[in-house]
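# Chain and residue survey
Below, each chain spelled out in residue letters.
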Amino acid sequence: MKRLILMAFVLISEVALAQTEGYKVGDVVKDFSLKNVNNKNVSLADYKDAKGYIVVFTCNTCPVAKAYQARVAALNTTYAAKGYPVVAINPNDAGAVPDESFEKMQALAFEKKFSFPYLSDPDHVVTKQFGANRTPHVFVLNKTSKGNVVEYIGAIDNDPEEANSTKIDYVKNAVNELSVGKKPAIASTKAVGCNIKWKKG
């Protein structure tokens with residue numbers, strides 16, 4: 001697993017590098033509506049009492065995304081009750097990777113007992129709006145009078161192999177700071193993981 005994770009860090013394709021446009025810290029996010037694994041569409045507006053959101057672009061097959069599955073679930077367990085639920089989105093093209101199909105997403109969500117929505121973005125519309133290019137790639141949003149503002153973009157932490165003695169929990173820290181009215185001290189980091197698998201043509 002560690003070797004696979006390391007390989008995923010260094011595999012950067014020209015296609016992935018091209019997908020760099022998207023939201024920046026301070027931008028207001030446009031709402032979206034994507035199909036959840038329960039076959040019902042989910043949008044940010046559905047969360048009437050939310051104070052913000054932890055939007056995670058993740059997938060079924062990437063070794064790095066797999067290594068973070070439990071940590072993503074833990075983020076939702078901790079922060080959904082505090083007004084910052086996890087909203088997970090699979091950006092990968094199932095035509096390129098059959099194990100990223102909607103049916104496989106449903107099976108994974110059932111197996112892992114996901115307590116958060118796991119949404120499919122088959123045409124990469126929302127993925128491109130956000131500018132995500134990795135799995136996992138996280139965007140922490142804060143609900144304001146202007147709309148849902150991006151306050152943090154990047155990695156979940158700096159410890160994908162859970163062996164870093166100087167671990168920094170970027171997402172946890174960002175949400176904790178936002179919850180007490182502060183801006184995240186670290187607002188941007190480099191997302192590490194597998195390249196998103198884009199549709200060809």
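Described in the following lines is the structure provided in the data block. Because the structure is predicted, anything quoted here is derived from the model rather than measured.

An α-helical turn contains 3.6 residues, so any two residues separated by three or four positions project in the same direction. For helix α6 (residues 170-179), the set of buried residues is Tyr-170, Val-171, Ala-174, Val-175 and Leu-178. Each buried residue of α6 lies within a common arc of 125 degrees when the element is viewed along its axis, so the set occupies one face. Among the structural elements, β4 (52-57), α3 (63-79), β8 (137-144) and β9 (147-154) are those in contact with the buried residues of α6. Remark: Gly-181 follows α6 within two positions and exhibits a positive phi of approximately 85 degrees.

The element strand β5 (residues 86-90) is extensively covered by neighbouring structure, given that five of its five residues are classed as buried. Along β5, one buried face is formed by Val-86, Ala-88 and Asn-90 and the opposite face, lined by Val-87 and Ile-89, is buried too. As paired elements, β4 and β5 share four bridges and run parallel to each other. Across the sheet, Val-55 pairs through a bridge with Val-87, a residue of β5. Of the pairings in the sheet, the one linking β5 to strand β6 (residues 118-120) comprises three bridges and is parallel in character. Directly across from Asn-90, in β6, lies its bridge partner Ser-120.

This brings us to the nonpolar core. Counting 32 residues, the largest nonpolar core has Ile-54, Tyr-118 and Val-171 as its most contacted members. Of all elements in the fold, only β4, α3, β5, α4 (102-112), β8 and α6 reach the threshold of two or more residues within this core. Ile-54 has contacts with Leu-75, Tyr-79, Tyr-84, Pro-85, Val-86, Val-87, Val-138, Phe-139, Val-171 and Val-175, leaving out every residue within four places of it along the chain. Listed in part, the 22 residues of the second largest apolar core include Val-29, Ala-50, Phe-57 and Val-126.

To continue, consider empty space enclosed by the protein. All told, the structure shown has one cavity of 30 Å³ or more when counted by the stated rule. Taken together, Thr-58, Cys-59, Ala-65, Tyr-68, Gln-69, Val-72, Ala-88, Leu-108, Phe-114, Phe-116 and Tyr-118 make up the lining of the largest cavity. Tallying contributions element by element places α3 first for the lining of the largest cavity, with four residues. Residues belonging to the lining of the largest cavity are distributed by class as follows: nine nonpolar, two polar and no charged.

On to the packing of aromatic side chains, then. Within the structure shown, the criterion is met by nine aromatic pairs. Judged by centre distance (5.0 Å) and plane angle (85 degrees), the rings of Tyr-23 and Phe-130 are edge-to-face. Of this pair, Tyr-23 sits in the loop between α2 (14-18) and β1 (28-29) while Phe-130 is found in helix α5 (residues 125-130), placing the two residues 107 residues apart along the sequence. Between Phe-32 and Phe-130, the aromatic rings sit 6.2 Å apart at their centres with planes inclined by 70 degrees, giving edge-to-face as the arrangement. Taken together, the residues span a long stretch of sequence, with Phe-32 in the loop between β1 and β2 (34-36) and Phe-130 in helix α5 at a distance of 98 residues. No difference in accessibility class separates Phe-32 from Phe-130, as the two residues are buried. By way of ring pairs, the aromatic residues Tyr-23, Phe-32, Phe-57, Phe-130 and Phe-139 are connected into one cluster. Here the basic side chain of Lys-35 rests over the ring of Phe-102, its NZ or CZ set 4.3 Å away from the ring centre.

Each value, and the rule that gives it
- Residues numbered from 1 in each chain as written.
- Predicted model: local features only at pLDDT ≥ 70, side-chain atom pairs only at ≥ 80, totals over all residues.
- Heavy atoms only, no water.
- Buried < 20%, exposed > 50% of the residue type's maximum accessible area, 1.4 Å probe, protein only.
- Helix = DSSP H or I, 4+ residues; strand = E, 2+ residues; numbered from the N terminus.
- Arc of directions from axis to C-beta.
- Contact = heavy atoms within 4.5 Å.
- Pairing = 2+ DSSP bridges.
- Core = buried A, V, L, I, M, F, W, Y, C linked by side-chain atoms within 4.5 Å.
- 1 Å grid on protein atoms, 1.4 Å probe; cavity = no way out; pocket = protein on both sides within 12 Å on 5 of 7 lines; lining within 4 Å.
- Points joined across faces, edges and corners; volume = space filled by probe spheres on them.
- Nonpolar A, V, L, I, M, F, W, Y, C, P; charged D, E, K, R; others polar.
- Phe/Tyr/Trp six-rings, centres within 6.5 Å; stacked < 30°, edge-to-face > 60°.
- Lys NZ or Arg CZ within 6 Å of the ring centre and 35° of its normal.

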